[in-house]
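# Understanding the architecture of this molecule
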Amino acid sequence: MFNLTGAEIIVGLLERQGITTLAGIPGGCNLPLYEALARCGRIRHILTRHEQGAGFIAQGMARVTGAPAVCLATSGPGATNVLTAIADAKLDSVPVICITGQVPRAMIGTDAFQEVDTYGLSIPITKHNYLVRSAAELLEVIPRAFAIAASGRPGPVLIDVPKDVQLQRFEFTEWPAPGQPAAPPAVDEAAIAAIAERLAAARRPVLYVGGGVVACSAGEQVRRLAERASIPVAMTLLGLGALPAGHPLALGMLGMHGARCTNLLLEEADLVIAAGVRFDDRATGKVREFCPHAAIVHIDIDASELGKIKTPATAVLASAGDALAALLPHVAADERPAWRGRLESLRRDHPLRMDGCDDVRTPYGLIVQTAALLDDEAIIATDVGQHQMWVAQAYPIRRQRQLLTSGGLGTMGFGLPAAIGAALAAPDRTIVCFSGDGSLLMNIQELATAAEENVNVKVIVMNNNSLGLVHQQQELFYQGRLFACDYRLKVDFCAIAEGFGVPACDLGTAADPRARLAEALAAPGPRLIHAPIDVNEMVFPMVPPGAANRDMIGGATHVEACK
Amino acid sequence: MLKPANDNPPPAARTDGRAVLELTVANHPGVMSHVCGLFSRRAFNVEAILCMPVGDGRQSHIWLLVHADTPLEQMVAQLLKLQDVFSVRRHEAAHDVFVRLEEYFRE
Ligand SMILES: Cc1ncc(C[n+]2csc(CCOP(=O)(O)OP(=O)(O)O)c2C)c(N)n1
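How each quantity is defined
Residues numbered from 1 in each chain as written. Chains lettered and ligands numbered in written order. Predicted model: local features only at pLDDT ≥ 70, side-chain atom pairs only at ≥ 80, totals over all residues. Heavy atoms only, no water. Helix = DSSP H or I, 4+ residues; strand = E, 2+ residues; numbered from the N terminus. Rg over C-alpha atoms; globule rule 2.2 N^0.38 Å. Buried < 20%, exposed > 50% of the residue type's maximum accessible area, 1.4 Å probe, protein only. Contact = heavy atoms within 4.5 Å. Areas by Shrake-Rupley, 256 points an atom, 1.4 Å probe, with all protein chains shown as cover. Lys, Arg positive; Asp, Glu negative; His and termini not counted. Charge placed at Lys NZ, Arg CZ, Asp CG, Glu CD. Domains from an automatic or database assignment. Buried area = accessible area lost by both parts, 1.4 Å probe. Salt bridge = Lys/Arg side-chain N within 4 Å of Asp/Glu carboxyl O. Polar contact = N/O pair within 3.5 Å; in protein donor to acceptor, adjacent residues only side chain to side chain. Nonpolar A, V, L, I, M, F, W, Y, C, P; charged D, E, K, R; others polar. Axes fitted to C-alpha atoms, helices over the stretch in contact; angles between N-to-C directions. Left-handed = near helix turned anticlockwise from the far one by under 90°. Pairing = 2+ DSSP bridges. Right-handed = clockwise from strand over helix to strand, strands pointing away. Parallel < 35°, antiparallel > 145°, perpendicular 65-115°, else oblique. pLDDT = per-residue confidence, 0-100. Phe/Tyr/Trp six-rings, centres within 6.5 Å; stacked < 30°, edge-to-face > 60°.

Attention now goes to the overall build of chain A. Within chain A, the regular secondary structure consists of 22 helices and 20 strands. For chain A, the C-alpha radius of gyration of 24 Å lies close to 24 Å, the compact-globule estimate for 563 residues. Principal-axis analysis of the C-alpha atoms gives chain A an extent of 70 × 65 × 40 Å. Split into buried and exposed, the 563 residues of chain A put 60% on the buried side. If you take every contact in chain A between residues at least 6 apart in sequence, the share linking residues at least 24 apart comes to 76%. Total accessible area computed for chain A in this model is approximately 21,000 Å², and 53% of it derives from carbon and sulfur atoms. The distance from the centre of the 47 positive side-chain charges to the centre of the 57 negative ones in chain A is 3 Å.

Below you can see the structure in the form of structure tokens.
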């Protein structure tokens, strides 16, 4: 027989879910929970400097492991601060469990101190949410939350727990079983046979794969299908790594900042096998003109994605891995010399132009040289902006879950805390966070957390003293009227980092910047690496917002491509 | 969200070009927020909504009168993703529930 408080029940259930590390900030309405954590003593708590940092640390852990990770916040401002990270998890389908404190039940609705309607606020940005009304309910809610977060298409679940529920005692005889992901839906064999038939008849097929493939670790199935039937593979930002960069059939990222050869090849496709993707506008461009000559086959585990944007010729409700595995035995080997030849010629004539890729003082050079100094075990996090797109284009992502980036919400400030979360989940790996000066300032306080926890995170600040991507858009689409994008003050990032206890180095003043970079990457513990970038650098090619993917500007060339 | 009959004469065949959805949901205070939130967030055009507990009160039925320009398949798929929505039934043709209700909204 157990006689425990709500707070003790939460901690007990988290332990039973296998949670060993979580991040958060205490406050009035979650102090009972913190007391229970302190008494338990077996769960490592990462005290962040902002609740958004805690949310993104949980995301970093979840993105690296694929398993739900937990963050905590108090009521009111604690809850509102964490919401951005939760919304980000929703759009990128990341399993995060957020437990917020709430004012005692009797005070709900009275505009009590630090009361906000956390439940109401979190409805549209969570996969599901709860306002817990008794300690007894926790025994059902917490395992359910873990099951929901990890089942089907993963996503965040928020659990709002009033303070008096945390303090309420409840007697029970048995712990419930930990929440587990539900079995994915069975694959419809008839639909698979239909896809196989289409593929056999297709002359110019492509695979278009995204986060849904990574979520179920289906990279291996993608590779086998692609190789057997000679199908080039385009990846979304979140799909990068599904097929390793450098594989002869890997096209890299498609869409707004995809290589010309990638978007041009898609233009010619007669069959698109879309797996674990949602036809996001950044990937498709003007959606009516996306792959205009192709029949579309759509595989997704979320029924509401099938037909949401594009009406598929064949739809399969299944995990990408299951569907592709079921498809493989129906697919005959096919060399497709003409289609492969077309791929090679487009690659030759319209490669991604990576100017300066052997000079660490340029954006591509910095990214390519960083990759050369690391192995594929490294985890790469980014913030949001030009630097993010340069990384997506140029960093050779060769593993699933190697790249951590905010795709759907595009949240500046994601990078540093997500990198810390990654380091906590994978302490033996080197984590590199490519950030911009604008983005880093959005969660720079977490440098203190990085120093305190001594995580192996190397923050590379690509500093153009500007909101570079805004600068680029104003330059290209607003008649060059630069407004509110370039900073007037030059922040001394190295001094700031040192102030937080994070050793820093400046590639701008180094005699041998590559050696300086190598040294910083190899040093244990957190480092900040300052890399000045010319503010006039642009990410090319670029599909203007609203245009079709064939209408790329910039990046055209016959300049030699860089290996 | 709830559109009672307005000053203009109510359309004669009130469910013409519309569909009626019948949802079975968990009966707790947040369910209406989840369901209604979906309409505004996804720009679904819902003309009328009706909710009543059924059975022992642990479940409710929600009736929705949906405008013809709503992508019904998509709406049903999104509704079914809500954890508190157990089932969605589609009544394509005119359904009594809103026609008879309209009496109460006439001034
Ligand atoms: C929280 C947030 N606010 C605003 C934006 C809009 N935005 C997108 S990119 C960008 C500039 C990013 O600047 P920086 O981090 O310095 O990266 P850079 O583009 O210079 O590489 C802005 C303001 C955003 N994505 N996220």
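Further notes follow.
What follows deals with the domain arrangement of chain A. Residue and element names in this part refer to chain A. What the domain assignment lists for chain A is domain 1 (2-172), domain 2 (189-349) and domain 3 (363-532). The C-alpha centroid of domain 2 is placed 37 Å from the C-alpha centroid of domain 1. At the junction of the two partners, domain 1 supplies five residues and domain 2 supplies five residues. Carbon and sulfur atoms supply 56% of the area buried between domain 1 and domain 2, which totals about 460 Å² over both sides. The tally of links between domain 1 and domain 2 comes to two salt bridges. There are two residue pairs in polar contact (both at pLDDT 80 or more) connecting domain 1 and domain 2. Classifying every residue of the side of domain 1 that touches domain 2 gives one nonpolar, one polar and three charged.

All names here are of chain B. It is at 11 Å that the axes of helix α1 (residues 31-41) and helix α2 (residues 72-81) come closest, and there the two elements cross at 145°. The two elements α1 and α2 cross, and the hand of that crossing is right-handed. Contact residues: Val35, Leu38 and Phe39 in α1; Met75, Gln78 and Leu79 in α2. Along the lines of polarity and charge, the residues of the contact of α1 with α2 split into five nonpolar, one polar and no charged.

Turning our eyes to something else, we now look at the pairing of strand β15 (residues 379-382) of chain A. Residues and elements named next belong to chain A. What you see with β15 is no split at all: Ile379 and Ala381 on one side and Ile380 and Thr382 on the other are buried throughout. Judged from the four bridges that link them, β15 and strand β17 (residues 431-436) form a sheet pairing that is parallel. Of the residues in β17, the one forming a bridge with Thr382 is Phe434. When β15 meets strand β16 (residues 403-404), the two strands line up parallel, connected through two bridges. Each residue of the ladder has a partner; that of Ala381, found in β16, is Leu404. As for the winding sense of the linkage, the β-α-β connection from β15 through helix α16 (residues 386-394) to β16 is right-handed.

Another aspect to go through is the interface of chain B and chain A. Each partner contributes to the interface: chain B provides twelve residues, whereas chain A provides 15 residues. Its largest share of buried area at the contact with chain A, chain B owes to His34, Arg41 and Gln83 of chain B, together 48% of the area lost on that side. Counting across the interface, chain B meets chain A through one salt bridge. Between the two partners, chain B and chain A, sit seven residue pairs in polar contact (both at pLDDT 80 or more). Residue assignment for the side of chain B that touches chain A shows that the elements contributing at least two residues are α1 and α2 of chain B. With four residues, the top contributor of residues to the side of chain B that touches chain A is α2 of chain B. When its residues are assigned to classes, the side of chain B that touches chain A shows two nonpolar, seven polar and three charged.

For the rest of this paragraph, the subject is unusual backbone geometry. Outside of glycine, negative phi angles account for most residues, and trans bonds account for most peptide bonds. Residue and element names in this part refer to chain A. Between Phe540 and Pro541 the backbone carries a cis peptide bond, its omega angle lying at -5°. By the element assignment, Pro541 lies in the segment after β20 (527-532). The backbone phi angle of Ser93 is positive, close to 55°, even though this residue is not glycine. Under the relative-accessibility criterion, Ser93 is labelled buried at 18%.

Residue and element names in this part refer to chain A. For the pair helix α10 (residues 219-229) and helix α13 (residues 320-327), interaxial distance at closest approach is 9 Å and the crossing angle is 30°. Relative to α13, α10 is oriented roughly parallel. Considering only the axes of α10 and α13, their crossing is left-handed. On the side of α10, the interface is formed by Gln221, Val222 and Leu225, while α13 contributes Gly321, Leu324, Ala325 and Leu327.

In this model, chain B carries a mean pLDDT of 82, and residues with pLDDT of at least 70 account for 81%. This prediction of the complex comes with two scores: 0.95 for pTM and 0.87 for ipTM.

Attention now goes to the packing of aromatic side chains. All names here are of chain A. Under the definition given, this model contains nine aromatic pairs over all chains. Pairing Phe172 with Trp175 gives two aromatic rings, centres 5.1 Å apart and planes at 80°, and the pair type is edge-to-face. Here Phe172 falls in the buried class, since its relative accessible area comes to 6%. Looking at Trp175, the relative accessible area reads 18%, which means it is buried. An angle of 65° between the planes, with centres 5.6 Å apart, marks the rings of Tyr208 and Phe290 as edge-to-face. One end of the pair, Tyr208, is in strand β9 (residues 205-209); the other, Phe290, is in the loop between α12 (281-284) and β13 (295-300), with 82 residues separating them in the sequence. The exposure class of Tyr208 is buried, given its relative accessible area of 0%. Ring-pair connections join several aromatic residues into one group, and the members of that group are Phe2, Phe170, Phe172 and Trp175.

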